[in-house]
Amino acid sequence: MSISSRRLIRYSTAESRRLLDLCTPISHYIFTCFPSHCNLSLAMVSKRKKSVAIAQQDFQPDNNTEAERPSAVPRRSGRIVEKQNQVSQSDATPDTGESPRTASARPRGKKKKMEIEVGDMIGAMHDLREMEDSFRDAVKRQKLALGASSIPSPSQETGINAAFFPKPKRADPDATTAGPEGKAVKSKTKKKLVKDESNADQDSEPYEDGEPGDREEGSGVGKQENDTDAFMQGASRPPPVNSDYLPLPWKGRLGYACLNTYLRQANPPVFSSRTCRIASILEHRHPLTDPSQPEHATKNRPDKEQPADVTRGQKYVEALGLANARDIVKMIRWNEKYGIKFLRLSSEMFPFASHEEFGYKLAPFASDVLAEAGRVAAELGHRLTTHPGQFTQLGSPREEVVRNAIRDLEYHDEMLTLLRLPEHLNKDAVMILHMGGVFGDKMATLDRFRKNYAPLSPSIKARLVLENDDVSWTVHDLLPICEELNIPLVLDFHHHNIMFDKGQIREGTKDIVDLYPRIRATWDRKGITQKMHYSEPCSDAITSRQRRKHRPRVMTLPPCPNDVDLMIEAKDKEQAVFDLMRNFKLPGWDRFNDIVPFERQDENRPLPKPPKKKRRKTKKTADPNGDAEDEMEEQPEPPPEIPESELGMGGPDNRVYWPLGMEDWLRPKKREAKKRRVIDEMDDED
């Protein structure tokens, strides 16, 4: 029997078992039927050959067994068929009178055959058995390791059919539900943490826009929920008890956070969160390759061979901050046109302003720009607030984190102070802060917060307010210290429905109404207009981790007083506010209309180039002088130019609203390359 030794070594587990089953009856057949004519050989097959070597047995012909000899197995390839049929009679052994070998069973390649004895074949079979035993032992070890881990197996789920429970999905802060189609639209670029890692406590995790609702298990918890247990626990929790009160007629101000989706897609774009990396600041300390020309991403970059200047890099980052601050005026006027009078300013307006090494003061270079934004806000009666990021934790046990937190609060306070708002609007310009991590002991964390809060400047103390989160700190945890230190408390309904004191209150918006007087008193003592936060979880969210993700838009109003300022923390920003206006006919609901897909009437766009057409033979009209003139096509007249103050403002029809999931309508439609149809023309021979 001829077997490839190279193939024998390279067999997988399944192939080795199949070969073992094949070899057992053959060896039995050899020893029982033909003990005297057994001559086994192992043919070396070339490595590039992929066809399995065929076991071949050479023995002397016998009249009784010649009829039982199996026919030659045809080759897998049809190449060199004629040469295979021309088998020389010299292949047979002249001494023993063996029959000539068939072409299909003849080994390929030019290597010599290696003759082995029956004992070598038995040794190869023994090696296969050992290989199979080692695979079996590895499988047993994996099963034992799986049983010792926290991953549940189907046998461990007694009484539960896991097939009926969908696998929970982790919340993705960069995904937005796209409406009825059920698709998820990923943002083009994920938000990068511009803070240095030294600013954060090791027990805390980042979240977007200062909101812990978009993060995983947060600081102080340190527990990873089992997916199955979390799903069962979330699905079996008591139903929320919600209030049926609606704050109508609405007298407060509705607002959104940081970004305007319509203006962000305008041309030129309008937003206040342009940022950079520290590496970019260091790079721009070098002069441009051609200082007389503007910077270009590829053609005119900083020349690192030239000497660096710290002042040059500082001007680069300050220019980003000034561009962000100038766009605030545009955003405020846009909000005024459509009845929105509440806006949260982005903490990234001035990149790295609170950094330990690369930080800087906003005055005097940004004083005039911020003062202009404050003047417009005061003229229109708009409220402006800020929300420092997740690294700003006054209760952290690490002194380095506390120092960075104080420096960040000073930056936000300076930015709001330079707005030069009137007295009442200046009081309303607050800084919302989370308590942060628990660090193993809530009481010790509160004591550290008291200690670090005391030396803060009076201006920071006048603006600082605390907010309940959805990970560690409930309303019942924060309300006593707010009353003690005279700090207003921001009630976040979405966070409260996830993290609440189950011993004192039920999930929902009904029981929390009983705490409204105490919460309102924390604002009235300082003469600040009360504000609340509202958002909703996604419809398919079940576990606590899934419910932290904010829904693109909200469906209703919370049972809040009708004279508070309500911040809508939804992914679709101002569009979520428009939905509430339309659903409840709030002031300003009739000021906006739906956009036309892929078209905008508030931008100046260059005329498209006329398509290149082949020159055709046209009729010529003769003039009185006998000269001929070609007929010319009339060019379309350019549209009227839109003034700068009206760019991005919605056009004459105020088309600024896009339906849920249709954010792509804000951009020009992508050009689709038409595929050329290839038509095969058949000529009729008839």
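Everything below is about the structure printed above this text.
Residues numbered from 1 in each chain as written. Predicted model: local features only at pLDDT ≥ 70, side-chain atom pairs only at ≥ 80, totals over all residues. Heavy atoms only, no water.

Draft legend 1. Focus on helix α10 (residues 399-417). With 19 residues, α10 should cover 27 Å at 1.5 Å per step; its first-to-last C-alpha distance of 27 Å lies within 8% of that length. Looking at α10, one finds that the buried residues are Val401, Val402, Asn404, Ala405, Asp408, Leu409, Tyr411, His412, Asp413, Glu414, Met415 and Leu416. Taken together, the buried residues of α10 touch α9 (367-380), α11 (423-428), β8 (431-434), α12 (442-453), α13 (458-463) and β9 (464-467). (Helix = DSSP H or I, 4+ residues; strand = E, 2+ residues; numbered from the N terminus. Expected span 1.5 Å × (residues − 1). Buried < 20%, exposed > 50% of the residue type's maximum accessible area, 1.4 Å probe, protein only. Contact = heavy atoms within 4.5 Å.)

Draft legend 2. Geometry of the side chain of histidine 434. Examined against the element boundaries, histidine 434 turns out to sit in strand β8. By relative accessible area, which is 6% here, histidine 434 ends up buried. Within the structure, histidine 434 has its side chain in polar contact with the backbone oxygen of glutamate 467 (distance 3.4 Å). (Polar contact = N/O pair within 3.5 Å; in protein donor to acceptor, adjacent residues only side chain to side chain.)

Draft legend 3. Representation of unusual backbone geometry. A cis geometry characterises the amide bond from leucine 248 onward to proline 249, with omega recorded as 0°. Its place among the elements puts proline 249 in the loop between α5 (227-235) and β5 (254-257). A positive phi angle, near 50°, is found at lysine 573, a position not held by glycine. A residue is classified by how much of its surface remains accessible, and lysine 573, at 11% relative accessible area, is buried. One non-glycine residue, asparagine 654, adopts positive backbone phi at about 55°. Inspection of the secondary structure puts asparagine 654 in the loop between β15 (628-629) and β16 (655-657).

Draft legend 4. Highlighting the pairing of strand β11 (residues 531-534). Side chains Lys531 and His533 project from β11 onto one buried face, and the interleaved Met532 and Tyr534 project onto a second face that is buried too. Relative to β11, strand β10 (residues 489-492) runs parallel, the two sharing two bridges. Its bridge partner being in β11, leucine 491 is matched across the sheet by methionine 532. As judged from the four bridges shared by β11 and strand β12 (residues 565-568), these two strands associate in the parallel manner. For methionine 532, the partnering residue across the bridge sits in β12 and is leucine 566. (Pairing = 2+ DSSP bridges.)

Draft legend 5. The arrangement of the packing of aromatic side chains in detail. Scanning the entire structure with this criterion turns up ten aromatic pairs. When the ring of phenylalanine 449 is compared with that of tyrosine 453, the centres are 5.9 Å apart and the planes differ by 15°; the resulting orientation is stacked. Remark: tyrosine 453 and phenylalanine 449 occur in helix α12; sequence separation between them is four residues, near one turn of the helix. Both residues of the pair, phenylalanine 449 and tyrosine 453, count as buried. Arranged with centres 6.1 Å apart and planes meeting at 75°, the rings of phenylalanine 493 and tyrosine 534 form a pair that is edge-to-face. (Phe/Tyr/Trp six-rings, centres within 6.5 Å; stacked < 30°, edge-to-face > 60°.)

Draft legend 6. Region of the structure containing the packing of α12 against helix α14 (residues 475-485). One way to put it is that α12 packs onto α14 with a least axis distance of 12 Å and a crossing angle of 25°. The pairing of α12 with α14 is recorded here as roughly parallel in orientation. When you trace α12 past α14, the crossing you get is right-handed. The residues of α14 that touch α12, namely those facing Lys442, Leu446, Phe449, Arg450 and Tyr453, are Asp477, Ile481, Glu484 and Leu485. Looking at the contact of α12 with α14 residue by residue, the classes come out as five nonpolar, no polar and four charged. (Axes fitted to C-alpha atoms, helices over the stretch in contact; angles between N-to-C directions. Parallel < 35°, antiparallel > 145°, perpendicular 65-115°, else oblique. Left-handed = near helix turned anticlockwise from the far one by under 90°. Nonpolar A, V, L, I, M, F, W, Y, C, P; charged D, E, K, R; others polar.)

Draft legend 7. How the structure looks around the pattern of salt bridges. Summed over all chains, the structure comprises 31 salt bridges. The shortest N-O distance in the salt bridge between arginine 253 and aspartate 565 comes to 2.8 Å. Taken together, the residues span a long stretch of sequence, with arginine 253 in the loop between α5 and β5 and aspartate 565 in strand β12 at a distance of 312 residues. Accessibility expressed as a relative area gives 2% for aspartate 565, which makes it buried. A salt bridge links aspartate 664 to arginine 667, with the nearest nitrogen and oxygen atoms 2.7 Å apart. When its relative accessible area of 45% is taken as the criterion, aspartate 664 is described as partly exposed. Here arginine 667 falls in the partly exposed class, since its relative accessible area comes to 24%. Each of Arg253, Arg383, Asp428 and Asp565 takes part in a single network of salt bridges with overlapping partners. (Salt bridge = Lys/Arg side-chain N within 4 Å of Asp/Glu carboxyl O.)

Draft legend 8. Main features of the sheet that holds β8. Spatial strand order, β7-β6-β5-β12-β11-β10-β9-β8: eight strands in an open sheet with parallel pairing. The open sheet terminates on both sides in strands that have one partner only, identified here as β7 (383-385) and β8. Strand-to-strand, the axes of this sheet are offset by a mean angle of 30°, without reference to chain direction. Here β5 runs beside strand β6 (residues 342-344); their pairing, made up of three bridges, is parallel. Bridge pairing in β6 links tyrosine 256 to leucine 343.

Draft legend 9. The arrangement of the environment of leucine 433 in detail. Within the fold, leucine 433 resides in strand β8. Accessibility expressed as a relative area gives 1% for leucine 433, which makes it buried. Here leucine 433 is in contact with Pro388, Thr392, Leu394, Leu464, Val465, Leu466 and Glu467, once residues within four sequence places are set aside.

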